[in-house]
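# Coordinates in review
Here's the letter readout for the chains.
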Amino acid sequence: MSLCFAYYCSGHGFGHATRVSAFASYLLTLEDPPTVHIVSSAPIRVFSTSVALGALYRNADIDPVILQPLAYRVDRQKSIDVLQSFLNKKEQKLEEEIRWLQEIKADCVLSDAAFLAFLAAHRARLPSVLITNFTFDSIYSLLSASFVDQSQHDRLLATQGYFSQGPVEPDVPISEETLVPLVQQIFDGYRHADMLYRLPGAIPIPSFATSPELPATRWIDPIGRSFKSNVVSHLIQNPHTYTLHASIPFSSSHSGAPPTTKPMPRNVRLAPLLVRLPNDGIYTAEGRARFLSSIGIPEHRHDPAITKILIVSFGGQIFHKPSRSRTPSRSASPNRTPPEQETSSRPNGFSSELSSELHSLSRGNSLKKAGQVFSPGHIHIPGAPAPAAMPSPSVPTFATIPPTPTFPNDGFPNGDAPPAVLDDLDVRSLMLPDASWIAVVCGVADSQEWRSKRNGVHASGTGSTEDDDDLPEGFYIAPRDVYMPDLMAAGDVLLGKLGYGTVSECVDSCTPFVYVSRPLFVEEHGLRLYLMREGVGVEMTREAYEAGEWASAVADAWRAGAKRKLERRAGKHAPDRRAQGLQMARDLVAWVNEWADKVQLD
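Please read all numbers here as calculations on a predicted model, not as lab measurements.

Here we take up the nonpolar core. Counting 70 residues, the largest nonpolar core has Phe23, Leu27, Leu110, Ile131 and Leu588 as its most contacted members. Contact partners of leucine 588, with chain neighbours within four places excluded, come to Phe5, Phe23, Leu27, Leu110, Val129, Met195 and Tyr197. Of all hydrophobic cores here, the second largest spans 61 residues; its members include Phe118, Ala121, Ala216 and Leu520.

Here we take up the pairing of strand 4 (residues 108-112). Most of strand 4 sits out of view: 5 of its 5 residues are buried. In strand 4, alternate side chains face the same way, and those of Cys108, Leu110 and Asp112 on one face and Val109 and Ser111 on the other are all buried. Of the strand pairs in this sheet, strand 1 (residues 4-9) and strand 4 are connected by 5 bridges, and their pairing is parallel. When the bridges of strand 4 are listed, alanine 6 appears paired with valine 109.

With respect to the helices and strands, phenylalanine 115 occurs in the loop between strand 4 and helix 5 (116-123). Along the backbone, phenylalanine 115 and phenylalanine 136 are 21 residues apart, and their C-alpha atoms lie at a distance of 8.1 Å. Those residues in contact with phenylalanine 115 that sit more than four places away from it in its chain are Pro64, Phe86, Leu87, Gln185, Ile186, Gly189 and Tyr190.

For the pair helix 15 (residues 500-509) and helix 16 (residues 523-534), interaxial distance at closest approach is 11 Å and the crossing angle is 0°. It follows that helix 15 is roughly parallel to helix 16 by the angle criterion. Listed contacts from helix 16 to Tyr500, Val503 and Val507 of helix 15 are Glu523, Leu527, Tyr530, Leu531 and Glu534. The residue makeup of the contact of helix 15 with helix 16, split by class, is 6 nonpolar, no polar and 2 charged.

Where helix 4 (residues 90-103) meets helix 5, the closest approach of the two axes is 9 Å, and the angle between their N-to-C directions is 55°. Accordingly, the angle class assigned to the pair helix 4 and helix 5 is oblique. Handedness of the crossing formed by helix 4 with helix 5: right-handed. Residues Lys90, Glu91, Lys93, Leu94, Glu97, Ile98 and Leu101 of helix 4 pack against Leu116, Leu119, Ala120, Ala121 and Arg123 of helix 5. Residue composition of the contact of helix 4 with helix 5, grouped by class: 7 nonpolar, no polar and 5 charged.

Turning to the pattern of salt bridges, a few remarks are in order. If you walk through the whole model with that rule in mind, you get 15 salt bridges. Here glutamate 31 and arginine 586 are joined by a salt bridge, their closest N and O atoms 3.3 Å apart. With glutamate 31 in the loop between helix 1 (14-28) and strand 2 (35-40) and arginine 586 in helix 19 (residues 577-601), this residue pair connects regions lying 555 residues apart in the sequence. Where arginine 528 meets glutamate 539, a salt bridge forms, and the shortest distance between an N and an O atom there is 3.8 Å. One end of the pair, arginine 528, is in helix 16; the other, glutamate 539, is in strand 17 (residues 537-540), with 11 residues separating them in the sequence.

With that settled, consider the sheet that holds strand 9 (residues 267-270). Strand order across the open sheet formed by 7 strands is 3-2-1-4-5-6-9, with parallel pairing between neighbours. Two strands bound the open sheet, and with one partner strand each, they are strand 3 (56-59) and strand 9. Each neighbouring strand pair of the sheet contributes to a mean axis angle of 20°, computed without reference to strand direction. Bridge count for strand 2 against strand 3 is 4 bridges, and the pairing is parallel. Paired with histidine 37 across the strands is leucine 56, a residue of strand 3.

This paragraph deals with the packing of aromatic side chains. One pass over the structure, following the stated rule, counts 13 aromatic pairs. On the basis of an interplanar angle of 70° and a centroid distance of 6.5 Å, the ring pair of phenylalanine 250 and tryptophan 595 is categorised as edge-to-face. You can see phenylalanine 250 sitting in the loop between helix 9 (229-236) and strand 9 and its partner tryptophan 595 sitting in helix 19, a full 345 residues away along the chain. Accessibility assignment for this pair places phenylalanine 250 and tryptophan 595 in one class, buried. Here a set of aromatic residues connected by ring pairs shows up, and it is made of Phe86, Phe115, Phe118 and Tyr190. Residue placement shows arginine 19 over the ring face of tyrosine 500; its charged tip is 4.5 Å from the ring centre. Over the ring of phenylalanine 521 we find arginine 518; its NZ or CZ atom is 4.2 Å from the centre of that ring.

Conventions used here
- Residues take numbers from 1 onward in each chain, read along the sequence in its written order.
- Per-residue local features of the predicted model are confined to residues with pLDDT of at least 70, and side-chain atom pairs are confined, for both listing and counting, to 80 or more; whole-chain, interface and lining totals are unaffected and use all residues.
- Calculation of side-chain values draws on the structure's entire complement of heavy atoms; hydrogens and water are dropped beforehand.
- Residues belong to one nonpolar core when they are buried, are Ala, Val, Leu, Ile, Met, Phe, Trp, Tyr or Cys, and are joined through side-chain atoms within 4.5 Å.
- The rule is simple: take the accessible area with a 1.4 Å probe, protein chains only, and divide by the maximum for that residue type; under 20% is buried, over 50% is exposed, in between is partly exposed.
- Contacts are residue-level and defined by heavy atoms, with any inter-residue pair within 4.5 Å sufficient.
- A run of H or I in DSSP counts as a helix once it spans at least four residues, and a run of E counts as a strand once it spans at least two, with each numbered from the N terminus.
- In this description, strands pair whenever DSSP reports at least two bridges between them.
- Axis definition: a line fitted to C-alpha atoms, limited for helices to the stretch in contact. Angles are taken between N-to-C directions and run from 0 to 180 degrees.
- We call two directions roughly parallel when the angle between them is under 35 degrees, roughly antiparallel when it is over 145, roughly perpendicular when it lies between 65 and 115, and oblique otherwise.
- Polar here means any residue other than Ala, Val, Leu, Ile, Met, Phe, Trp, Tyr, Cys and Pro, which are nonpolar, and Asp, Glu, Lys and Arg, which are charged; Gly is therefore polar.
- Two helices cross in a left-handed way if the nearer one is turned anticlockwise from the farther one by less than a right angle. They cross in a right-handed way if the turn is clockwise.
- Salt bridges are defined as contacts in which a side-chain nitrogen from Lys or Arg sits within 4 Å of a carboxyl oxygen from Asp or Glu.
- Two rings from Phe, Tyr or Trp (for Trp, the six-membered ring) form a pair when their centres sit within 6.5 Å of each other. Planes less than 30 degrees apart are called stacked, planes more than 60 degrees apart edge-to-face, and all others tilted.
- Cation placement over rings: the criterion is NZ of Lys or CZ of Arg within 6 Å of the ring centroid and within 35° of the ring normal.

Taken by themselves, the reported measurements are silent on function.
Here it is, written out as structure tokens:
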């Protein structure tokens, strides 16, 4: 008789969903596939690959979230308020989950990385497995860090009241007195897990190994803003050498009887990279051309020996369409003269507004709109990576990731405009290394207007006219349902922010990664170490990103990663991820069966 798994997935971001869907798919393609129930507050469409294979989906609020009023900043106090509210309802939620686990006759609980799942599994007397690269007790414990996660420009906006709900709350660390009891409840939940599959790019998992201990502030060098040497040493050791916290026995089913020892000791296993895989043929010339044509890249831009592609994929941001005087129209057809062959460029006003937009790209959407100079139309970038399967009708936007605002006046506080109006060529020289590069912006709102612009034609079938001026030459808008693993394969460098889903797809495709750091996300430290070992990562400062000064970092990333990227396209550095995932699925099934056999013997 096949097994039944309940697979809990945090709704905090795309990384959890993409790897849960990937591993659920491996389970469902085994010789004797189990039943897999996915439980998450993330929408069903991000699990579409596994659902298409038979996974059952249930929407439930099973974990709290970290709140980000600004794209690079955590709102510490509001995040704690959300956590406290969730913990106040913990017992009620546990009762609901226990009843549901009994109804579906679950054999095992998997979780990435919702701690509530392990408490429910324990009370239901079921084995449970944590599959993750980090746990949220570490994330929340860093909210007591003394450093301030706020740039100079953020502080300027906050003090001058540019946010519609009043000034942004200052970035004040949470006191240990408040934080420790709350983090302890999360830690206790993870302590009830029976096995850990530790994914690549991991940070310490304190609920399994006895050292390093919480809080995560102890793991980080405050000067270098990186893991201390003892933490790095811990992460590179074989987990079999760790001293683990003991298993927590089941409570007795009979009043007054002693607790029941679990049939198997806790253990930690290394998991392979769980990552979405590109479609067959993307590394062939025909497959590449077909894919690039499908996302609106003209034919003369298809040859990787001539054109390099920068992928821009940031969570929760908006590139606004400028409202301005139009210049004479240009054809958007593939026969348009490449920009490197143009003899002059037109100061169309876009560049100065883009410059101001870049200052606002990292910020929330609650700025006042008095005197705004942008039209209602915009390009919405809801998150990276893109949907979990191809194709998907739309991309979910998580409430924890804010959209980008518009600034009043000319895009700067107090109306301070940039010193000069740049033309398209100036924008390209700031943002792209040279004229051989183009940029593909991901996560676009899929309106008819932008579909027309992306395809270079209007609904009538004629060439694009004034809408074609809304982006600088060489910038293209990807379809909102673009399949990111294929785009990663076709692209040459990615610009984004660190997260498991994006890092895993960069590593698999050997795509160099230019990233903007978020200091209060301790998960980033493990992902950086992974990039150092398995890929190429180049950090860009917030200030350089917001100023649109991308070219230097993009060029550095390409120089460091070009050889490996070209070798990947030639068929090298291509481990069989599918075989690795299937083997992990077989090992998990064997472990659950061994657990059940020992329970019967007892």
